[in-house]
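One letter stands for each residue in the lines below.
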Amino acid sequence: MTRIFHIADTHIGYSAYRRMDEATGLNQREVDTYAAFKQFVDFAVVEKPEVIVHAGDLFDSVRPTNRAISFVLGQLIRLSEAGIPFVVISGNHETPRLKETGSVFSLFEHIPGIHVVYGNKYELVEIGDLKVHAIPHCDDIEGEKQKMRLNRDSTGGVNIALLHAGVYGAGKQMFLMDEFNEQLITIHDLTNFDYLALGHYHKYIRVRDNAYYAGSTERFSFNEVNETKGFLEVRLDGDGEKEIVFHELRTREMVDLEPVVCTNLDAQEIKRAITDRIQECNPEDKVVRLKVLDIPMQVYHSLDFDELKRLTRSAVHFEIKYEFKRDNELRAAEQPSFRSLHTEYEHFMEKYTIGAHIDKKRLKELGLQYMQAWESESEE
Ligand SMILES: [Mn+2]
């Protein structure tokens, strides 16, 4: 029985919003990404899996801060000292576009038991009879995938594929993040592996029987608001028998409140609805979004923004998104009108100012004649 921990998309170094962590003076969301990874490492050093695979986007950027690097270094040394091998591929977030930039991963390659794969190509990492076939974010991911598929046949033992990409699921489903440099691959031809450890898609999900995304360890946008975050424990016996358990990590609470719909409400009712929503959710230490829909512009201008700020101050981040009511005149103006080309042309000629030396009436007649001629031609 081989026991593996599969984690991905930790995005260490991510920071957002203005709240600072009181103890450290650092950005609160940055501290949150550290806390999530440390929780995982705490669990791992006690549970001692045979190997940890990290499916990419360990860091949030190509050039993490010294603080983020030093934090990761500390955690990897803990794993190394606990004798737990750690294999990580570079994801689209930390892979430089120019090779000359160099990879932050090179700093970790001399730590015993830490295997970093960032060379723009497929690599095989062997840990006892466990084979980790690793493909980092690279230029020709389909080509590298074929190399991996062929190489698989010459290896015995338990075989895991480690990938950072979007993949096709069943039917027309695609697991993508809508990022400019992401890659999309097929995995239906990767049948010969005991397990496919996927990274990039932030939601923990089973793609097919032996292929899973571990998901990210924190929520990085309101798109992820309803997702549970954590990592996977995978038990494989090499005969196709497996057991996969999701372990949840404690993360910052993120809430997308039920929107306030202002249609048919008067100014007082709108103001009350907004403050009620804020108070009901107890925003303390949370990341919260409230949408206020169809609010008339004059009501928006009469809101007490200082009061709203006071009510939401305890949140790590509280964003109120207003969508304004559009008045009827505006709506009418936005209605597309489809008149005939002749009518449009006549209206245009009436309004259009041209030099006095040009006979406007004559020009208008000529234009109409040309249009008629063109129409009869295209009918033929
Ligand atoms: Mn990614």
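We now turn to the structure provided with this report. (Residues numbered from 1 in each chain as written. Predicted model: local features only at pLDDT ≥ 70, side-chain atom pairs only at ≥ 80, totals over all residues. Heavy atoms only, no water.)

1. Topic: the coordination of the manganese ion
Counted only if it meets this: Because water is not among the atoms used, a metal site may look incomplete, as its donors are only the N, O and S atoms within 2.8 Å, or 3.2 Å for Na, K and Ca. Strands here are runs of E lasting at least two residues and helices are runs of H or I lasting at least four, both read from the DSSP assignment and numbered beginning at the N terminus. Per-residue accessibility, obtained with a 1.4 Å probe over protein chains only, is compared with the maximum for each type, and a residue is labelled buried under 20%, exposed over 50%, and partly exposed between these values.
The protein atoms that coordinate the manganese ion are Asp57 (OD), Asn92 (OD1), His164 (NE2) and His200 (ND1), at distances of 2.1 to 2.4 Å. Donor residues for the manganese ion sit on one chain with the sequence pattern D-x34-N-x71-H-x35-H. Highlighted residues: His164 in strand β7 (residues 158–164) and His200 in the loop between β11 (195–199) and β12 (205–208), separated in sequence by 36 residues. For the residue pair His164 and His200, the accessibility class agrees, reading buried in each case.

2. Looking at helix α6 (residues 305–312)
Defined as follows: Note that the arc is computed from the directions linking the helix axis to the C-beta atoms. Any two residues whose heavy atoms approach within 4.5 Å at even a single point are treated as in contact. Whenever a nitrogen or oxygen atom comes within 3.5 Å of another N or O atom, the pair is scored as a polar contact, on the condition that within protein one atom can donate a hydrogen and the other can accept it, and that pairs from neighbouring residues in sequence are kept only if both atoms are in side chains.
Residues of α6 that are buried: Leu308, Leu311 and Thr312. Seen along its axis, α6 keeps its buried residues to an arc of 90 degrees; they face one direction. Facing away from the buried side of α6 by over 90 degrees, the exposed positions are Asp306 and Lys309. In the core, the buried residues of α6 are packed alongside α4 (267–280) and β19 (317–324). Capping of α6 at its N-terminal end is provided by Asp304; its side-chain oxygen lies 3.3 Å from the backbone amide nitrogen of Asp306.

3. Topic: the packing of aromatic side chains
The description of an aromatic ring pair rests on the distance of the ring centres and on the angle between the ring planes. This is how it is decided: Pairing of aromatic rings covers Phe, Tyr and Trp, the last through its six-membered ring, and needs centres within 6.5 Å; plane angles under 30 degrees mean stacked, over 60 mean edge-to-face, and all others mean tilted.
According to the stated counting rule, one finds 21 aromatic pairs in the structure shown. Here the aromatic cluster, defined as three or more aromatic residues joined through ring pairs, consists of Phe5, Tyr34, Phe37, Phe40, Phe43, Phe71 and Phe231.

4. Comments concerning the sheet that holds strand β1 (residues 2–7)
The condition is simple: What makes two strands pair is DSSP finding at least two bridges between them. All axes here are fitted lines through C-alpha atoms, helices being fitted over the stretch that makes contact, and every angle between N-to-C directions spans 0 to 180 degrees.
Strand order in the open sheet formed by six strands is β4-β3-β2-β1-β14-β15, with mixed pairing between adjacent strands. Each of the sheet's edge strands pairs with one partner strand only, and the pair in question is β4 (114–117) and β15 (242–248). The average angle at which neighbouring strand axes cross in this sheet is 20 degrees, direction not considered. By the bridge criterion, three bridges tie strand β2 (residues 51–54) to strand β3 (residues 86–89) in an arrangement that is parallel. Residue pairing across strands places Ile52 opposite Phe86, the latter belonging to β3.

5. Here we look at helix α8 (residues 341–351)
Every buried residue of α8 is listed here: His342, Tyr345 and Met349. Buried residues of α8, seen end-on, are gathered within an arc of 65 degrees and therefore sit on one face of the element. Exposed side chains of α8 directed beyond 90 degrees from the buried face belong to Glu350 and Lys351.

What is shown is where atoms sit, not what they do.
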